There are 2 protein chains.
Amino acid sequence: MTDQSTGTTITAVERTAEVLRAFAHADTQTLGVTEVAQTLGISKAVVHRILNSLRAPGFIEFDPGSRRYLLGPTALDVGLAFLRHVDVRELARPVLKELSEQTQETATLSIRSEWHRIYIDQVTPAREVKMTVALGRSFPLYAGSSSKSLLAFLPQHEIDEYLEQTELRAVTDLTITDVSSLRSELAEVRSRGYAVSKGERQAGAGSVAAPVLDHNGYPVASMSLCGPVERFSEESDHAAELITAATRRLSRQIGYQG
Amino acid sequence: MTDQSTGTTITAVERTAEVLRAFAHADTQTLGVTEVAQTLGISKAVVHRILNSLRAPGFIEFDPGSRRYLLGPTALDVGLAFLRHVDVRELARPVLKELSEQTQETATLSIRSEWHRIYIDQVTPAREVKMTVALGRSFPLYAGSSSKSLLAFLPQHEIDEYLEQTELRAVTDLTITDVSSLRSELAEVRSRGYAVSKGERQAGAGSVAAPVLDHNGYPVASMSLCGPVERFSEESDHAAELITAATRRLSRQIGYQG
DNA sequence: AACCGCCGTTCCACTTGGCGGAACAGCCGT
DNA sequence: ACGGCTGTTCCGCCAAGTGGAACGGCGGTT
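Rules used in this analysis
Residues numbered from 1 in each chain as written. Chains lettered and ligands numbered in written order. Predicted model: local features only at pLDDT ≥ 70, side-chain atom pairs only at ≥ 80, totals over all residues. Heavy atoms only, no water. Helix = DSSP H or I, 4+ residues; strand = E, 2+ residues; numbered from the N terminus. Rg over C-alpha atoms; globule rule 2.2 N^0.38 Å. Buried < 20%, exposed > 50% of the residue type's maximum accessible area, 1.4 Å probe, protein only. Contact = heavy atoms within 4.5 Å. Areas by Shrake-Rupley, 256 points an atom, 1.4 Å probe, with all protein chains shown as cover. Lys, Arg positive; Asp, Glu negative; His and termini not counted. Charge placed at Lys NZ, Arg CZ, Asp CG, Glu CD. Near = heavy atom within 4 Å. Polar contact = N/O pair within 3.5 Å; in protein donor to acceptor, adjacent residues only side chain to side chain. Salt bridge = Lys/Arg side-chain N within 4 Å of Asp/Glu carboxyl O. Domains from an automatic or database assignment. Buried area = accessible area lost by both parts, 1.4 Å probe. Nonpolar A, V, L, I, M, F, W, Y, C, P; charged D, E, K, R; others polar. Least-squares fit on C-alpha atoms with pLDDT ≥ 70 in both.

**Quick word on the overall build of chain A**
Secondary structure summary: chain A contains nine helices and eight strands in total. In summary, chain A has a C-alpha radius of gyration of 23 Å against a globular reference of 18 Å for 258 residues, an excess of more than 25%. In terms of overall dimensions, chain A has a C-alpha envelope of 70 × 45 × 30 Å along the principal axes. Buried positions account for 53% of the 258 residues belonging to chain A. The contacts of chain A with a sequence gap of at least 6 include a subset with a gap of at least 24, amounting to 57%. When the accessible surface of chain A is totalled, it reaches about 11,600 Å², and 46% of it is carbon and sulfur. Placing the 27 positive and 32 negative side-chain charges of chain A at their respective mean positions leaves the two points 5 Å apart.

**Remarks on the environment of B:Gly58**
One can find B:Gly58 in the loop between helix 3 (44–55) and strand 1 (60–63). Taking the C-alpha atoms as reference points, B:Gly58 and B:Leu76, 18 residues apart in sequence, are found 9.8 Å from one another.

**Remarks on the protein's contact with DNA strand D**
Surrounding DNA strand D, one finds 19 residues, the nearest of these being A:Gly32, A:Val33, A:Thr34, A:His48 and A:Tyr69. Each atom of DNA strand D within 4 Å of the protein was assigned to sugar, phosphate or base; sugar and phosphate come to 68%. A distance of 3.3 Å is found between a base oxygen of DNA strand D and a side-chain nitrogen or oxygen belonging to A:Arg67. The set of elements that each furnish at least two residues to the surface near DNA strand D consists of helix 1 (11–25), helix 2 (33–40) and helix 3 (44–55) of chain A together with helix 3 of chain B.

**Here's the deal with the pattern of salt bridges**
Residues and elements named next belong to chain A. A complete count under the given rule lists 18 salt bridges over all chains for this structure. Of the charged contacts in the structure, one is a salt bridge between Lys148 and Glu185, with a shortest N-O distance of 3.1 Å. Within this pair, whereas Lys148 is found in helix 6 (residues 145–152), its partner Glu185 is found in helix 8 (residues 179–192), the two being separated by 37 residues in sequence. Of the residues examined, Lys148 reaches a relative accessible area of 0% and is grouped as buried.

**A few points about the domain arrangement of chain A**
Taken domain by domain, chain A holds domain 1 (11–83) and domain 2 (86–253). Each of domain 1 of chain A and domain 2 of chain A has a C-alpha centre, and the two are 41 Å apart.

**Structural notes on the interface of chain A and chain B**
Each partner contributes residues to the interface: chain A has 64 residues there, and chain B has 64 residues. In total, chain A and chain B occlude about 5,300 Å² of area from one another, counting both sides; carbon and sulfur atoms represent 65% of this. If you look at where chain A meets chain B, you find zero salt bridges. Looking at the side of chain A that touches chain B, the elements that each hand over two or more residues are helix 1, helix 3, strand 1 (60–63), strand 2 (68–71), helix 4 (73–84) and helix 7 (156–165) of chain A. Broken down by element, the side of chain A that touches chain B gets its largest block of residues, twelve residues, from helix 4 of chain A. Per-class residue counts for the side of chain A that touches chain B are 27 nonpolar, 23 polar and 14 charged.

**As for the relation of the copies chain A and chain B**
It takes a turn of 175 degrees to lay chain A on chain B, together with a shift of 0.2 Å along the axis; the resulting RMSD is 0.9 Å. Both chain copies can therefore be described as sitting about a two-fold axis. No C-alpha of chain A approaches the rotation axis more nearly than that of A:Gly79, which lies at 2.2 Å. A share of 100% of the interface residues of chain A reappears at the interface of chain B, consistent with the copies meeting face to face through the same patch.

And the structure:
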């Protein structure tokens, strides 16, 4: 996807886009002609004509009570059409590649499936000692950084439900198996924005993971960087930085507004 | 709100709106210039310029792989801005009036508040023997058609959680107080699309209710028609028809796509 | 490899559609 | 009633937008 356009543009169309964006970014539901004109630095007459042109197709409505304008339901149609087509795996692919190259570690993408977590993609570095994960294989939602980064950002009642119904069986010697310790760890993950694991899911494996959040702030995926645990002592701060920046970018792309 | 515009319009702006709508209504994520031009009956050169103009502000993106265009994240921004300001009570008001006039019964609007249901609006007919409800008063989420129509359409795990923690105390002699009977009733409500109550919440009161679903398919409100139970024996099929049509319309207005 | 059809992109002459300043009409507060 | 502010309309002007056609690239077929 490229957003650099090189061809001819139409000023009236560009102004239309700016008018719609003004409504998207406004604190108030309604905007007046004069207000929009001042914000965008174009004449009232032009703004009025643009708004008028957007009324019949339903992008804009006029409130005669306040004599101001607001977004109409077609705005929502178009927005939801965008959502229907978002495929997080496709969006994440180039990001995984970039992360793996930058760190020379394995980058993974996981999603939640019911009360489990599944790896759905990975990019491994061109190096001999590295981690690889089994795509499609399911792991418990409490063990490892990818799991924790998903679990931590679920709505509280879903976390509670999960912790209530799940017996925290050790996956490795280092897995957190005590509920109140896990709750503390989840609070830490939320506060930091990313999760760290050193041998909790896979003995000898270190990893850093952060969630990809959707427009509802719901964690729809988790991205991680992982490798042999020795390498992760030195790299973990840098990896954390990269992974949070990458997931933040992806989150925005799928509509997250936090 | 009025969508009949009477002032001057700009052709380029109108075409922009049509281009965006073409993407919203397309079955495929991507559309080509030629395709859009044919659908809308305008020249390829114009379509190309419109799409190009919408790229920098993020409404449209170009996929160099397929050489086709798709909606960009600004489309979602604008759509979500519409959602931020939707007031279901305001949207529902004219519909409540219409329903009450058509049936000569009381039309109500309820929302869920935690594990309760609250009446937030009503329109009563000009007739002496009629129901009125206490706005703002809270009722259990299992008793009465409005409650059942909200509960039935919650995600399964929320239903389970509610039924697990709630003691089904009788509100009237006819209230369902047995969990498995209520589960059957909820399945019936989901299958039918509406709920019926005869004396379950209020002795002597009959009602038909259906949920208003948002863009996630989540029940954000419930609309009902209610009156003395004798009148509801004869009217209930007709009322069900009206209430489901009305809630379907409202649901679509707030982004429901089922 | 050459050819063809199709597509997105660019070009350019033409004309009318879009522009913007200013006037108008309506609304609200004093 | 008056004044200020807003949304709406008017109208002369010209450049912005138009659309047909050519161009360049891609993929499939022979």
